[in-house]
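In case you want the letters, here they are:
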Amino acid sequence: MFALSLTSPSDILAGVAARMKRRRLDLDLTQRELAARSGVSYGSLRLFEETGKASFEAVVKIAFALEAEAEFEALFPPRPVKTLDDVVGRPVRQRARRK
């Protein structure tokens, strides 16, 4: 079953980058200052703000520098219980071993 979403991956990338930039500006930090605090190169930080593209590691480092790391806790929450099978628990699928 697929969830209908009017948001695209590029929309999410752009939104995260815009929120990060807004927080950086609210803290009165330049891009160079944030790059130094986070350990992310200035070029990578600029690219992230402009395009939303960065490694996940870089985004996490930036989040820590901006004191926003707690927000990652909500990234992949557990699925809500919907059926009795969810409560009892389904067996975990294991991959077949190669011969």
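Check the entry above for the structure.
Reading the values: the criteria
Residues numbered from 1 in each chain as written. Predicted model: local features only at pLDDT ≥ 70, side-chain atom pairs only at ≥ 80, totals over all residues. Heavy atoms only, no water. Core = buried A, V, L, I, M, F, W, Y, C linked by side-chain atoms within 4.5 Å. Buried < 20%, exposed > 50% of the residue type's maximum accessible area, 1.4 Å probe, protein only. Helix = DSSP H or I, 4+ residues; strand = E, 2+ residues; numbered from the N terminus. Contact = heavy atoms within 4.5 Å. Salt bridge = Lys/Arg side-chain N within 4 Å of Asp/Glu carboxyl O.

**Quick look at the nonpolar core**
- In this structure, Met20, Leu34, Leu45, Phe48, Ile62 and Leu66 are the most contacted members of the largest nonpolar core, which totals 13 residues.
- Secondary-structure elements contributing two or more residues to this core are α1 (9-26), α2 (31-38), α3 (42-51) and α4 (56-65).
- Considering every element that reaches this core, the biggest residue donor is α4, with 4 residues.
- Apart from the residues within four sequence positions on either side, isoleucine 62 is in contact with Met20, Leu34, Ser38, Val40, Leu45 and Phe48.

**Overview of the pattern of salt bridges**
- Scanning the entire structure with this criterion turns up 5 salt bridges.
- We note a salt bridge from arginine 23 to glutamate 71, for which the minimum N-O separation is 3.7 Å. Of this pair, arginine 23 sits in helix α1 while glutamate 71 sits in the loop between α4 and α5 (84-88), and the two are 48 residues apart along the sequence.
- Owing to a relative accessible area of 30%, arginine 23 belongs among the partly exposed residues under this scheme.
- The closest approach of N and O atoms between glutamate 49 and arginine 24, which form a salt bridge, is 2.5 Å. With glutamate 49 in helix α3 and arginine 24 in helix α1, this pair connects stretches of sequence that are 25 residues apart. For the residue pair glutamate 49 and arginine 24, the accessibility class agrees, reading buried in each case.

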